[in-house]
Amino acid sequence: MIPVLVLNAGSSSLKYQLLDMDDRSVCASGLVEKIGEDEGSLTHRTPGAAPLTEPGAIPDHGTALDRVLAAFERTGGLTEAPFAVGHRVVHGGDRFSGPTVVDDDVLEQIRELVPLAPLHNPANIAGIEVARARYPGTPQVAVFDTAFHTAMPPHAWRYALPRNLADRLRIRRYGFHGTSHGYVARTAAAHLRRPLDQLALVTLHLGNGCSAAAVAGGRSIDTSMGLTPLGGLVMGTRSGDLDPGIVAHLHREGGLDLDTIDTLLNKESGMRGLAGSNDLREVHAKADAGDPDAAEALAVFCYRIRCTVGAYAAALGRLDAVVFTAGIGENDADVRARVCAGLGVLGVEVDDVRNTARSREPRTISADGSRVVVLVVPTDEELEIAEQTLAVVGGAAR
Ligand code: AMP
């Protein structure tokens, strides 16, 4: 057994998975919620057993990890220190282009990136610190959401702002969801039985957060999220791209201060702002019941994605496949059909029967004669983090 523990620490949550990298199987997974609130909870899952749910206050991430380890003790699975711990870290800036073994210096650099991801990096750091304290002899590896996109050319990442100011404040496109885009690109190539380095792909991560990436030869050459995960496609609660003049307009004409605008754009916009729900299943239900706002919201959501695929086909200069992933991308046949309906001009033709068939496996949903293959590939960010963790701590150590 090669146990690798994957931790994904949010500001008030801790998601975890224990994988046996001998056969890539999941030994256990779970979620600690509402850390720092009065009523927290832990849900611990082991394959073939009923989930273990424990309510109770969990004041901090250290206590959260203690609870997780106690759950492992009771249910088995992790009796000794793991072989390595892989941590999801949201922002690696332009410093981290791959998985990195954490030492004091690396931790300090992740800390210096907090201004670029004030909600995410502090939680990720908390996760690293508690895991280091519990397992001092175990390698800790940071796997960055931004890393996959660090090879983007300057014409894709540079914003047209005064150079000195942008450089001083580190303002550029970084992109996110990189672990997912990288994983589904590789899996798509394997599914197509074609070398990844010869493929031009557009990968669409459509979940609560949504982003697109143009992937040439296995490298991201453009992506829709920017300095922060607020840019690009319309999302569950995030606006995605706006005319930047709207921010000043909201302030001057709407009387909103900056923090209020930030909250508005991150938490109250997107599908929630347009249709009253950030859950696409609910938006569909409303639209089916005749709600015109929900119907329009779905049209806006799909139109933005379709335009982005078109733009990325131009960026790539060629398009071999479009890959759908994450909660919406994997499950929502209607969104997939609407996005692809306008892409006939690129040679995209979806097969309705294939599109509506349900499966947990990577699959082709385009018609046999479609010039561009359309795929649905379930993402697995935890597995990808564990793979990258194992790669960096050295398979030789097994
Ligand atoms: P994620 O962030 O990847 O967990 O994705 C969350 C989004 O996926 C939410 O908008 C859900 O409504 C959507 N979703 C999950 N399952 C389905 C489904 N069966 N059909 C449509 N949307 C779904």
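Heads up: the structure comes first, above all this text.
How each quantity is defined
Residue indices begin from 1 for each chain and proceed along its sequence in written order. Only residues with pLDDT of at least 70 are given local features in this predicted model, and only at 80 or more are side-chain atom pairs given and counted; all residues enter the totals for whole chains, interfaces and linings. The side-chain values count all of the structure's non-hydrogen atoms but skip hydrogen atoms and water molecules. Only DSSP runs of H or I covering at least 4 residues are called helices, and only runs of E covering at least 2 are called strands; the numbering of each starts at the N terminus. Note on definitions: a residue-residue contact is assigned when non-hydrogen atoms from the two residues lie within 4.5 Å. We define the nonpolar core as a collection of buried residues of types Ala, Val, Leu, Ile, Met, Phe, Trp, Tyr and Cys that are connected through side-chain atoms lying within 4.5 Å of one another. Throughout, exposure labels follow a simple rule: accessible area from a 1.4 Å probe, protein chains only, divided by the maximum for the residue type, with under 20% read as buried, over 50% as exposed, and the rest as partly exposed. Count a disulfide wherever a pair of cysteine sulfur atoms falls within 2.5 Å. A pair of strands counts as paired when DSSP detects no fewer than two bridges linking them. Between rings of Phe, Tyr and Trp, where Trp is taken as its six-membered ring, a pair exists when centres lie within 6.5 Å; planes separated by under 30 degrees are stacked, by over 60 edge-to-face, and by other angles tilted. Grid points spaced at 1 Å and placed over the protein atoms alone form the basis of the search, with a cavity being a set where a 1.4 Å probe fits but cannot get out and a pocket an open set showing protein on both sides within 12 Å along at least five of seven lines. Lining residues have an atom within 4 Å of a point. Grid points are joined across faces, edges and corners, and a volume is the space filled by probe spheres set on the points. In this classification, Asp, Glu, Lys and Arg are treated as charged, Ala, Val, Leu, Ile, Met, Phe, Trp, Tyr, Cys and Pro as nonpolar, and every other residue, Gly included, as polar. Any residue with a heavy atom lying within 4 Å of a molecule or strand is counted as near it. Think of a polar contact as two N or O atoms within 3.5 Å of one another; within protein, one of them needs to be a possible hydrogen donor and the other a possible acceptor, and neighboring residues in sequence only count if both atoms come from side chains. In this description, accessible areas are obtained by the Shrake-Rupley approach with a 1.4 Å probe, and a residue is regarded as covered only by the protein chains that are shown.

Engineer: What exactly am I supposed to notice about the environment of Asn 208 here?
Structural biologist: The residue Asn 208 is located in the loop between strand E9 (200–206) and strand E10 (210–216) in this model. Sequence separation between Asn 208 and Val 345 is 137 residues; the distance between their C-alpha atoms is 29 Å. Sequence-distant contacts of Asn 208, defined by excluding residues within four places in its chain, comprise Met 235, Gly 236 and Asn 278.

Engineer: Is there a simple way to think about the nonpolar core in this case?
Structural biologist: When a protein is soluble and globular, its nonpolar side chains tend to lie buried together. Counting residues in hydrophobic clusters, the biggest one holds 42 residues, and the most contacted among them are Leu 204, Leu 206 and Phe 301. Those elements giving two or more residues to this core turn out to be E9, E10, helix H9 (270–275), helix H10 (280–288), helix H11 (292–316), strand E12 (321–325), helix H13 (333–341) and strand E14 (373–376). Ranked by the residues each element gives to this core, the list is headed by H11, at 10 residues. Counting 23 residues, the second largest nonpolar core, distinct from the first, contains Leu 5, Leu 14, Ala 64 and Tyr 135.

Engineer: Looking at this structure, I do not really get the state of the cysteines. What am I missing?
Structural biologist: Simply put, disulfide is the name for a covalent bond between the sulfur atoms of two cysteines. The tally for this structure, following the rule as stated, stands at 0 disulfides. Here Cys 340 is not cross-linked by a disulfide; its sulfur's nearest cysteine counterpart is in Cys 302, at 9.8 Å.

Engineer: Help me out: how do you make sense of the pairing of E14 in this one?
Structural biologist: Looking along a regular strand, one sees the side chains alternate between the two faces of the sheet. Sheet topology note: the E12/E14 ladder contains 4 bridges and is parallel. The partner of Phe 324 across the bridge, within E14, is Val 376.

Engineer: Mind showing me how you'd approach the packing of aromatic side chains here?
Structural biologist: Given two aromatic rings, their pairing is described by the distance between the two centres and the angle made by the two planes. Tallied over the entire structure, the rule returns 2 aromatic pairs. Judged by centre distance (6.0 Å) and plane angle (65 degrees), the ring pair of Tyr 16 and Phe 72 falls under edge-to-face. Separated by 56 residues along the polypeptide, Tyr 16 in strand E2 (residues 14–20) and Phe 72 in helix H1 (residues 61–75) bring together distant segments of the chain. For Tyr 16, a relative accessible area of 3% gives the class buried.

Engineer: Would you mind showing me how to read the layout of surface pockets here?
Structural biologist: Left-over empty space is what a probe sized like a water molecule reveals as it rolls over the atoms. Roughly 280 Å³ of volume is contained in the second largest pocket. The set of elements that each furnish at least two residues to the lining of the second largest pocket consists of strand E8 (140–144), helix H6 (178–192) and helix H15 (381–393). Take the lining of the second largest pocket: its biggest share by element is 6 residues, from H6. For the lining of the second largest pocket, a count of residues per class yields 9 nonpolar, 8 polar and 2 charged.

Engineer: Even after reading the chapter, I still don't get the site of the ligand, so can you show me in this structure?
Structural biologist: What surrounds the ligand is the set Gly 207, Asn 208, Asn 278, Asp 279, Leu 280, Arg 281, Ala 326, Gly 327, Ile 328, Asn 331 and Asp 332. The backbone of Asn 208 places a nitrogen or oxygen atom 2.8 Å from an oxygen atom of the ligand. Between the ligand and Leu 280, the relevant distance is 3.0 Å, taken from an oxygen atom to a main-chain nitrogen or oxygen of the residue. Within the complex, the protein chains bury 72% of what would otherwise be the 510 Å² of accessible surface of the ligand. Considered class by class, the residues forming the shell around the ligand number 3 nonpolar, 5 polar and 3 charged.

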